[in-house]
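Understanding the architecture of this molecule
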Amino acid sequence: MHEWALAEGIIGTAIEYGKENNANEIVKIVIVLGELQDVEQEILEFALTQLKKDTIAKNAELIFEEERAVFRCRNCGYQWNMKQSEKELTEDIREDIHFVPEVVHSFLSCPKCGSRDFEVVKGRGVYIKEMVVR
Amino acid sequence: MDPRVKGIELKLKNVRRIIPIVSGKGGVGKSLISTTLALSLKELGFEVGLLDLDFHGASDHVILNSPISELPDEEKGVIPPVVHGIKFMSIVYYSTDKPTPLRGKEISDALIEILAITRWDQLDFLIIDMPPGLGEQLLDLIRFIPRGEFLIVSTPSPLSVNVVEKLVALLKEGNHRILGIVENMHAGNNLTEEMAERMRIKYLGEIGVCDEIDSLIGEPESIMLSDFGKNLKKVAERIVSGDRPR
């Protein structure tokens, strides 16, 4: 359950932000889940719910947004998505990427020109998009 | 906001000392020194972790002859497998040792991710094997782990000494802690020692050219018994100074 480690980072960041802004309470945290990392929302939510107890985030509403992964080749400019690379992404490879999304460069290449020099434009991993404190 | 940055701090809070092995120049023996230093500290009775951050040239797993076919266990994070008594983490567990071409931002992201998810728990020492150069890994480490104590490696080659001096200047400029310099492949001149004096950093010792070292790769026990291993152990003892195992 490495989602727990991600949850610790989210709650730690939220509390720190709250303190820096002299907030009494964290009201809402909007968390983006990138398609590439494929983090399980349920597990992450469970961990966040446990970790926020007895903190200024205890009543915080957790909102999750999914972000589709988009790749762009730096060599030829071609843009593609996860579905187009479905065949290459076996279950084992998906698991590797789940832990360290950058290893996608070990397994995928541009469907058009074959270059491995591509960027993950969107949908890489987990980040906090928005937070409301008071 | 990137929640992983806070995660790094949390994951390293029970690590007593963090020692990045740096050089600026490639091919000076950072990986062998990192791995052997970690094993030496373990022999001295300490709890030790080894993190290979040289993503393009990861080789500590080869030196340790560590199997990489299985993913590390996960439990509230990722648990680094214990290899020859040390906790070991490397990108190769996930890249399955395939070529992994990464550019700047991608290197930073992989580094932050690994630091944010790896559960070292209680350690006396975390040794970090760094890539050559003054690029992402060095700058990120300075940024995210400001308490790192840098161990610098050079060879007696004027080419190495020249580059390493610039690294030392950069670290000193930022008031970063430098443990000292280890001279690898020592042969015939005092350029490294003179540079250490000039830059006012500690000269922690020399390791002579070890002809047999390549034939010992993958056999950590034999490396420890070689002249290379014996000299590194002396360096480890100097680094430890007053420290006692937990």
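Because the structure is predicted, anything quoted here is derived from the model rather than measured.

1. As for the interface of chain A and chain B
Contacts between the two partners involve 33 residues from chain A and, on the opposite side, 32 residues from chain B. Around 2800 Å² of area is buried between chain A and chain B when both sides are counted, 62% of it from carbon and sulfur atoms. Remark: the boundary between chain A and chain B carries 6 salt bridges. Taking the shortest distance from any N to any O, the salt bridge between Arg124(A) and Asp109(B) comes out at 3.7 Å. In this structure, the connection of chain A to chain B is made through 10 residue pairs in polar contact (both at pLDDT 80 or more). Counting only elements with at least two residues in the side of chain A that touches chain B, the list comes to α1 (3–20), α3 (91–99), α4 (104–107), β5 (118–122) and β6 (126–133) of chain A. At 10 residues, α1(A) tops the list of elements feeding residues into the side of chain A that touches chain B. Counted by class, the side of chain A that touches chain B contains 16 nonpolar, 7 polar and 10 charged residues.

2. Brief notes about the side chain of Ser160(B)
All names here are of chain B. Secondary-structure assignment places Ser160 in helix α7 (residues 158–173). Taking the relative accessible area as the measure of exposure, Ser160 reaches 2% and is therefore buried. A distance of 3.1 Å separates the side chain of Ser160 from the backbone nitrogen of Thr155, its partner in a polar contact. The residues contacting Ser160, other than those within four sequence positions of it, are Lys25, Val28, Ser154 and Thr155.

3. What to know about the pattern of salt bridges
In this structure the tally under the stated criterion is 27 salt bridges over all chains. Put simply, Asp109(B) and Arg4(B) hold a salt bridge, and the shortest N to O gap is 2.7 Å. Of the two residues, Asp109(B) is situated in helix α5 (residues 104–117) and Arg4(B) in helix α1 (residues 4–11); the sequence distance between them amounts to 105 residues. Here Asp109(B) matches Arg4(B) in class, with each residue buried. Through salt bridges with shared partners, a single network forms among Glu102(A), Arg124(A), Asp2(B), Arg4(B), Lys105(B), Asp109(B) and Glu113(B).

4. Remarks on the domain arrangement of chain A
All names here are of chain A. The assigned domain composition of chain A is domain 1 (2–68 + 123–133) and domain 2 (70–120). Here domain 1 and domain 2 have C-alpha centroids that lie 27 Å from each other. In this assembly, domain 1 packs against domain 2 so that about 930 Å² is buried in total across both faces, 61% of it on carbon and sulfur atoms. Among the residues domain 1 hides against domain 2, the three largest losses belong to His2, Leu36 and Arg124. Together they make up 59% of the total. Applying the counting rule to domain 1 against domain 2 returns 1 salt bridge. As a salt-bridge pair, Arg124 and Glu102 come within 2.6 Å of each other at their nearest N and O atoms. Across the contact surface, domain 1 and domain 2 share 5 residue pairs in polar contact (both at pLDDT 80 or more). Here the residues of the side of domain 1 that touches domain 2 are counted per class, giving 2 nonpolar, 3 polar and 5 charged.

Calculation criteria
- Residues numbered from 1 in each chain as written.
- Chains lettered and ligands numbered in written order.
- Predicted model: local features only at pLDDT ≥ 70, side-chain atom pairs only at ≥ 80, totals over all residues.
- Heavy atoms only, no water.
- Contact = heavy atoms within 4.5 Å.
- Buried area = accessible area lost by both parts, 1.4 Å probe.
- Salt bridge = Lys/Arg side-chain N within 4 Å of Asp/Glu carboxyl O.
- Polar contact = N/O pair within 3.5 Å; in protein donor to acceptor, adjacent residues only side chain to side chain.
- Helix = DSSP H or I, 4+ residues; strand = E, 2+ residues; numbered from the N terminus.
- Nonpolar A, V, L, I, M, F, W, Y, C, P; charged D, E, K, R; others polar.
- Buried < 20%, exposed > 50% of the residue type's maximum accessible area, 1.4 Å probe, protein only.
- Domains from an automatic or database assignment.

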